[in-house]
Amino acid sequence: MGMEKYNNVDGNPSEYLYPPEILKRLNFDKSPATFKPKISAASPGEDWMVVRPLQRSDFDKGFLQLLGQLTSVGNVTRKQFDERFTSMKQSGGYYVTVIEDTRISKLIGAATLTIEQKFIHNCSVRGRLEDVVVNDTYRGKQLGKLIVVTVSLLAQELGCYKMSLDCKDKLIKFYETLGYKLEPGNSNAMNMRFEEPS
Ligand code: 16G
């Protein structure tokens, strides 16, 4: 897989958001999650499944429809998608990661790691797990675990001192099995919601 596909920002549809090679380096034995059978980002368990960075062409592979299973997406046009892809890539720190069913060229899972630069902890970086979604018709393939462990190991690989998330109460147990903890006295997520532009 050539780096030219990664570096290209001229609208090449197969262009990656970040270098795909990093995912192959992740050591799944470092995760507290248990996979039965054993799978990883490099070997996701089916030959028709691939775990990879978001590509520009994913607009046509149902990425936004998949996100629509998580929350409101709105009517995002191809131009808006393209501009956001370019802007995420240029600013760095956005690791949108997906699972594709290559038999039908559709995305069936996604999760994002965002990296926040800090002055604290020796100018360290903090990871945030965002927008985790798996197509529920693929139940039983450990895809939720696979995509979350992938981006969590990626956070560690990229030097994050911690990785945080917020989620619905019913998902706490799931994230606990993957190594996330409710820290005593420090486990509240608070939001201030603003009116969204129509
Ligand atoms: C969940 C997601 C968050 C997403 C939000 C959308 C995870 C771990 N958390 O909290 O990333 O942005 O839902 O909900 O995936 P909202 O549309 O109400 O902001």
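- Under an unreviewed UniProt entry, the protein has the name Glucosamine 6-phosphate N-acetyltransferase and belongs to Trichoplusia ni.
- A UniProt comment under Sequence similarities (unreviewed entry) is attached to the protein, and it reads "Belongs to the acetyltransferase family. GNA1 subfamily."
- Its UniProt record gives the protein a comment under Catalytic activity (unreviewed entry), which states: "D-glucosamine 6-phosphate + acetyl-CoA = N-acetyl-D-glucosamine 6-phosphate + CoA + H(+)".

So, the site of the ligand
Stage number 1. Around the ligand lies a shell formed by L70, T71, S72, L129, E130, D131, V132, L165, D166 and C167.
Stage number 2. Broken down by class, the residue content of the shell around the ligand amounts to five nonpolar, two polar and three charged.

Brief notes about the environment of N27
Stage number 1. Looking at the element boundaries, N27 is found in the loop between α2 (21–25) and β1 (49–53).
Stage number 2. Residue N27 is classed as exposed on the basis of its C-beta count, with 10 C-beta atoms lying within 10 Å.
Stage number 3. When the C-alpha positions of N27 and E157 are compared, they lie 9.4 Å apart, and in sequence the two are 130 residues distant.

Here's the deal with the nonpolar core
Stage number 1. I99, A110, I147 and V151 are the most contacted members of the largest nonpolar core, which has 37 residues in total.
Stage number 2. Elements with a minimum of two residues in this core: β1, α3 (63–67), β2 (94–101), β3 (106–117), β4 (125–134), α6 (143–157) and β5 (160–164).
Stage number 3. The element that contributes the greatest number of residues to this core is α6, accounting for nine residues.

Some remarks on the UniProt feature "domain: N-acetyltransferase" (unreviewed entry) in the protein
Stage number 1. When the UniProt feature table is mapped to this numbering, "domain: N-acetyltransferase" (unreviewed entry) covers residues 49–198.
Stage number 2. A distance of 36 Å separates the end C-alpha atoms of residues 49–198, which is 29% helix and 27% strand.

Considerations on the sheet that holds β2
Stage number 1. Ordered by their spatial adjacency, five strands build an open sheet running β1-β2-β3-β4-β5, and the pairing between neighbours is mixed. Two strands in the sheet have a free side with no partner beyond their single neighbour: β1 and β5. Strand-to-strand twist in this sheet, taken as the mean axis angle between neighbours without regard to direction, amounts to 20°.
Stage number 2. Relative to β2, β1 is paired through five bridges, and the arrangement is antiparallel. Bridging from a neighbouring strand, V51 pairs with I99 of β2.
Stage number 3. Strands in contact with α6 are β1, β2, β3, β4 and β5; relative to β3, the strand with the most contacts, it is inclined by about 25°.

Comments concerning helix α4 (residues 78–91)
Stage number 1. With 14 residues, α4 extends 20 Å between its outermost C-alpha atoms, agreeing within 8% with the 20 Å of an ideal straight helix rising 1.5 Å per residue.
Stage number 2. Of the residues one or two after α4, G92 is the one with positive phi, at around 75°.

Concerning α6
Stage number 1. In this model α6 runs 21 Å from its N-terminal to its C-terminal C-alpha over 15 residues, within 8% of the 21 Å that 1.5 Å per residue would give.
Stage number 2. Within α6, twelve of the 15 residues are buried, leaving the element largely enclosed by the surrounding structure.
Stage number 3. By the burial criterion, the buried members of α6 are L143, G144, L146, I147, V148, V149, T150, V151, S152, L153, L154 and A155.
Stage number 4. Looking at the residues trailing α6, positive phi occurs at G159, about 90°.

How each quantity is defined
Counting restarts for each chain, with residues numbered from 1 along the sequence as it is written. Reporting in this predicted model follows two pLDDT cut-offs: at least 70 for local features of residues, and 80 or more for side-chain atom pairs to be given and counted; totals over whole chains, interfaces and linings ignore these cut-offs and use all residues. UniProt positions are given in the numbering used here, feature names are shortened, and annotations may be inferred rather than shown by experiment. Here is the check we use: build the C-beta atom from the backbone, and if it is within 6 Å of the molecule or strand, call the residue near. Any residue that is not Ala, Val, Leu, Ile, Met, Phe, Trp, Tyr, Cys, Pro, Asp, Glu, Lys or Arg is counted as polar, Gly included; the first ten are nonpolar and the last four charged. Helix and strand definitions here come from DSSP, where helices need a minimum of 4 consecutive H or I residues and strands a minimum of 2 consecutive E residues; each element is numbered from the N-terminal end. Put simply, a residue is buried when 20 or more other C-beta atoms lie within 10 Å of its own C-beta and exposed when 12 or fewer do; between those, it is partly exposed, and each C-beta is set from the backbone. By our criterion, buried Ala, Val, Leu, Ile, Met, Phe, Trp, Tyr and Cys residues that link up through C-beta atoms within 7 Å make up a nonpolar core. If DSSP finds at least two bridges between two strands, the strands pair. Orientation is described by axes fitted as lines to C-alpha atoms, over the contacting stretch for helices, and by angles from 0 to 180 degrees between their N-to-C directions. Placing C-beta atoms from the backbone, we regard two residues as in contact once those atoms come within 7 Å. Helix span, as expected, comes to 1.5 Å for every residue beyond the first.

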